[in-house]
Amino acid sequence: MRKLFAFGLGTGTMNARGEWLEVFFPTPVLAPEAPAAFALAKSLGYESGNKALQLHAEHRTALKAMEPAFARFGNGARPLVAVFLETDAVPATVPEAYLKLHLLSHRLVKPHGVNLTGLFKLLPNVAWTSRGAVDPAELAELQLVARLEGKPLRVHSVDKFPQMIDYVVPSGVRIADGSRVRLGAYVGSGTTVMQEGLINFNAGTAGPNMVEGRVSAGIFVGSGSDLGGGSSTMGTLSGGGEIVVSVGKNCLIGANAGCGIPLGDDCTIEAGLYLTAATKVRVVTREGEVRGVVKARELSGKSGMLFRRNSQNGAVECLPNKGAIELNLELHANN
Amino acid sequence: MRKLFAFGLGTGTMNARGEWLEVFFPTPVLAPEAPAAFALAKSLGYESGNKALQLHAEHRTALKAMEPAFARFGNGARPLVAVFLETDAVPATVPEAYLKLHLLSHRLVKPHGVNLTGLFKLLPNVAWTSRGAVDPAELAELQLVARLEGKPLRVHSVDKFPQMIDYVVPSGVRIADGSRVRLGAYVGSGTTVMQEGLINFNAGTAGPNMVEGRVSAGIFVGSGSDLGGGSSTMGTLSGGGEIVVSVGKNCLIGANAGCGIPLGDDCTIEAGLYLTAATKVRVVTREGEVRGVVKARELSGKSGMLFRRNSQNGAVECLPNKGAIELNLELHANN
Amino acid sequence: MRKLFAFGLGTGTMNARGEWLEVFFPTPVLAPEAPAAFALAKSLGYESGNKALQLHAEHRTALKAMEPAFARFGNGARPLVAVFLETDAVPATVPEAYLKLHLLSHRLVKPHGVNLTGLFKLLPNVAWTSRGAVDPAELAELQLVARLEGKPLRVHSVDKFPQMIDYVVPSGVRIADGSRVRLGAYVGSGTTVMQEGLINFNAGTAGPNMVEGRVSAGIFVGSGSDLGGGSSTMGTLSGGGEIVVSVGKNCLIGANAGCGIPLGDDCTIEAGLYLTAATKVRVVTREGEVRGVVKARELSGKSGMLFRRNSQNGAVECLPNKGAIELNLELHANN
């Protein structure tokens, strides 16, 4: 063993049956060649492949003799796990999945940069409470005892994903409501996520960005782009199509607007307009000449477009954006 | 007394004046014939009618001799209340109201299945904090003391309704932000409520459903239907009309869309289109022939409809949905 | 010194370097002539200008001899600060900024009623956690220790603004999700802010109001007006124009609608319609006669308008609202 794809030493929560509910990795590492990781591998008997190895009493003792970042793990009593990933294969265990989500939120990989196949099936549903992660099957009893003893217990959410900022707050960001950014989001430096903003896992922003709309799973937003309040980017998980939406640089998706196609740079979608891939769009020159009508998906990835709904005749139009180069479309016949 | 409409033994919070702020019922029962409930009734001197009876020291002692589910209530020091409902009458006390909200969230009754008349007037406004329920009139002093002592106090909300998942997490659900689902919501098994989803009291989903939009009070969503991100269902409480909206099976209300009429099964409202009851809709056949124009309310409850705004001429259209049977409308004259 | 513009005695949180992260003022005072404030000024050596003076051990002793509201501050060990503002100048310190935000949320001044110039630059970014305010630079270590010790730590948000209701809950309000109303919001009595509502700092409602939409920074909503679910008011901070939007009395901005111009009284924007300042609007009489077409900004501040998008031809129209006086517009030429 000379090099790993990824490595993490973490501490987490198990349910009453000893199954992992979640794992926290303070310092996930991508492509590690660190001697410390190798020392730990040796101590745990790791040789190759993708493994999530739980640490027991004897390993804690060994940890204490290692570098300070590891040694402090040796002192506690909470469950510990070391994840060694030789390759970026399909995650097979909860700790592996959590390590990959950490890689994203620590900005070590970008959305689509790590294999998350089968993630939903793998992750357990968890009640995220003021006392930490709880198996939903164990929650009712905990709630009853808390009530009878008069000790408050808040249940923040019941979900397969925790909120990112309980695991890591990357530098240079503001997130006005933590519950709106899942672990596995990539939030670029200089990004502000307002209360109405939302970033799903395996999605994110290059930074700087203002996010007051929803960045669906799988979507990446380029630097300088703003998502207005309540705006929507169409995901592929439910109700959406097969097109993977993305947003280029310096785009503006207006408040309450929506985007169902990948946008290039310097594009604007007017507030309140939902542009789906199937929307028929009238392409108009700067001088107001109609060049033709295309489905929005035909405009995928192009730059310098301004989309609006003509407020006099209701037609959805695409014009050259301010300062942008005129679109040179190879137009299909009107359809 | 042979049978009750509903029964609950609960523990809750009172303000400094001894008034109930909220009650937690771990195991509400509908139409109970349970001997245990009758034993408790006898112990409390309950004979008939709808009563919320507070339990005092002597009753706690009696509780300890009853079945385990009751006995454990006997040990604590928190306020206890037993609610006996002979009939589904207008709730007259806070514990009665809370029992009925529990019946909904425990899926023992469906939305509109229990009498909630006068609920808003009956329920006190409460500050829901990290130390439990607090009377808003007592909050400022608590906040000051907490600050001077350096003991954090979080105020989650100030509202007549608590969040459901602090009371019950029904089986088979995911709720990504607990604050968005009120106690009194009916969340069917297999329902996922995303961060942007919302379910009010006396409203809900049959399950399975994906809820990324807002289920207003009084609205029920059939199985297999999706509410896209930021979508709206029009309620009757404020700003809405008198029509009670509902959503049938296998419908899709697109992202940022809205619905102001009851929908049958297999209906779609395109992303971004807000269909109010007064929207004039052009009914179009599969072949594109315009059959006439009707107000959307005339289409209430019909199945297999696809609503969209024609992106070339701005007209709101209703077409047969994919795979659905052609609409056979008795059209009114154009209006 | 005879009179101050504002005064507050507060307790707050500092980071490891002794810099203020936030300050809580239980009883901010506008234009105080209170002898108590003057006694404290004397004790602290304050003479004139705008000053935020930290209290040290000797000042605590002096506090104990003052009136009860001050005396209780003397007993704790938490950092204390007294802010004396002789004038409403640009805030120069974090405690000054927080005092001004308190003035707004305590309803002592209305939005735009206090000088907040440079606020964003002045306020530090803070991690708002279940253990109080934390410097983001100090958070990762705190999170790791919390995890190793098995003591839960929730990070609610990372933002320059805290949520209002952790500082003050003004009388007569309901706020269904505290994270949606920032300190510095002015929430009038009788206002309900639903889960989907949002009120930014230096913005607010006269009350009574139903807020299920977003009140952007700088916007004030008159009494009796409703903001429907997911509705948007266009701010000036990002993506918006230069027009300061406001909403008069008894207006209704429908669900998922948007407003980019100041509205007078008794106006309605139909659900789902986003009216920007640049939207070309067809002005129509009660009898259906088209009077002309103007940009929406030309209608700024007028009363009795109903805006809708004609669902047959897609044109945005302005009609006289029910019961409102016919618009008497000095129309510009069609443009």
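Residues numbered from 1 in each chain as written. Chains lettered and ligands numbered in written order. Predicted model: local features only at pLDDT ≥ 70, side-chain atom pairs only at ≥ 80, totals over all residues. Heavy atoms only, no water.

## Examining the overall build of chain A
- On a plain count of helices and strands, chain A comes out with six helices and 26 strands.
- Across chain A, every contact between residues at least 6 apart in sequence was considered, and the portion connecting residues at least 24 apart equals 50%.
- If you sum the accessible surface of chain A, you get close to 12300 Å²; carbon and sulfur atoms cover 51% of it.
- Here chain A contributes 33 positive and 29 negative side-chain charges, whose respective centroids are spaced 1 Å apart. (Helix = DSSP H or I, 4+ residues; strand = E, 2+ residues; numbered from the N terminus. Contact = heavy atoms within 4.5 Å. Areas by Shrake-Rupley, 256 points an atom, 1.4 Å probe, with all protein chains shown as cover. Lys, Arg positive; Asp, Glu negative; His and termini not counted. Charge placed at Lys NZ, Arg CZ, Asp CG, Glu CD.)

## Comments concerning the relation of the copies chain B and chain C
- The transformation that overlays chain B on chain C combines an axial shift of 0.0 Å with a rotation of 120 degrees, and the residual RMSD is 0.0 Å. What we have between these two chains is a three-fold relation. Minimal C-alpha separation from the rotation axis in chain B is found for Gly314(B), amounting to 2.2 Å.
- Of the interface residues in chain B, just 17% have counterparts in chain C that sit at the interface too, so the contact is made through distinct surfaces. (Least-squares fit on C-alpha atoms with pLDDT ≥ 70 in both.)

## So, the side chain of Thr129(C)
Residue and element names in this part refer to chain C.
- Tracing the backbone through its elements, the reader meets Thr-129 in strand β6 (residues 126-129).
- Exposure remark for Thr-129: the relative accessible area of 7% places this residue in the buried category.
- A polar contact of 2.9 Å, which involves the side chain of Thr-129, links it to the backbone nitrogen of Arg-131.
- There is a polar contact of 2.8 Å between the side chain of Thr-129 and the backbone oxygen of Gly-132.
- Not counting residues within four places of it along the chain, the set of residues in contact with Thr-129 comprises Val-134, Leu-139, Leu-153, Arg-154, Val-155 and His-156. (Buried < 20%, exposed > 50% of the residue type's maximum accessible area, 1.4 Å probe, protein only. Polar contact = N/O pair within 3.5 Å; in protein donor to acceptor, adjacent residues only side chain to side chain.)

## Observations regarding the pattern of salt bridges
- Summed over the entire model, instances satisfying the criterion amount to 30 salt bridges over all chains.
- The salt bridge involving Asp166(A) is made with Arg154(C); its shortest N-O contact spans 3.2 Å. Linking Asp166(A) in the loop between β8 (155-159) and β9 (174-175) with Arg154(C) in the loop between α6 (136-149) and β8 (155-159), this pair reaches from one chain into another.
- With relative accessibility at 14%, the residue Arg154(C) sits in the buried group.
- Measuring nitrogen to oxygen at the nearest pair gives 3.0 Å for the salt bridge that ties Arg182(C) to Asp159(C). Of this pair, Arg182(C) sits in the loop between β9 (174-175) and β10 (185-187) while Asp159(C) sits in strand β8, and the two are 23 residues apart along the sequence. Both residues of the pair, Arg182(C) and Asp159(C), belong to the buried class.
- Each of Asp159(A), Arg182(A) and Arg174(B) takes part in one network of salt bridges that share partners. (Salt bridge = Lys/Arg side-chain N within 4 Å of Asp/Glu carboxyl O.)

## A word on the sheet that holds β10(C)
Residues and elements named next belong to chain C.
- Spatial ordering of the open sheet is given by β10-β13-β16, a layout of three strands whose pairing is parallel. Of all strands in the sheet, those with a lone pairing partner are β10 and β16 (220-221), marking the two edges.
- Bridging between β10 and strand β13 (residues 203-205) involves three bridges; their strand directions are parallel. Bridged to Tyr-186 within β13 is Gly-204. (Pairing = 2+ DSSP bridges.)

## Considerations on the confidence of the model for chain A
Residues and elements named next belong to chain A.
- Residue-level pLDDT values for chain A average 93, and 94% of them are 70 or greater.
- With pLDDT under 50 throughout, residues 328-335 is counted as low confidence; its partners more than four residues away or in other chains account for 19 contacts.
- As scored by the predictor, the complex reaches a pTM of 0.95 and an ipTM of 0.95. (pLDDT = per-residue confidence, 0-100.)

## Topic: the interface of chain A and chain C
- Of the residues lining the interface, 45 residues belong to chain A; the matching set on chain C comes to 48 residues.
- In this assembly, chain A packs against chain C so that about 3500 Å² is buried in total across both faces, 48% of it on carbon and sulfur atoms.
- Linking chain A to chain C there are five salt bridges.
- Connecting chain A to chain C are 25 residue pairs in polar contact (both at pLDDT 80 or more).
- For the side of chain A that touches chain C, the secondary-structure elements that each account for two or more residues are β1 (6-14), β2 (20-24) and β9 of chain A.
- Per-element tally for the side of chain A that touches chain C: the top contributor is β1(A), with three residues. (Buried area = accessible area lost by both parts, 1.4 Å probe.)

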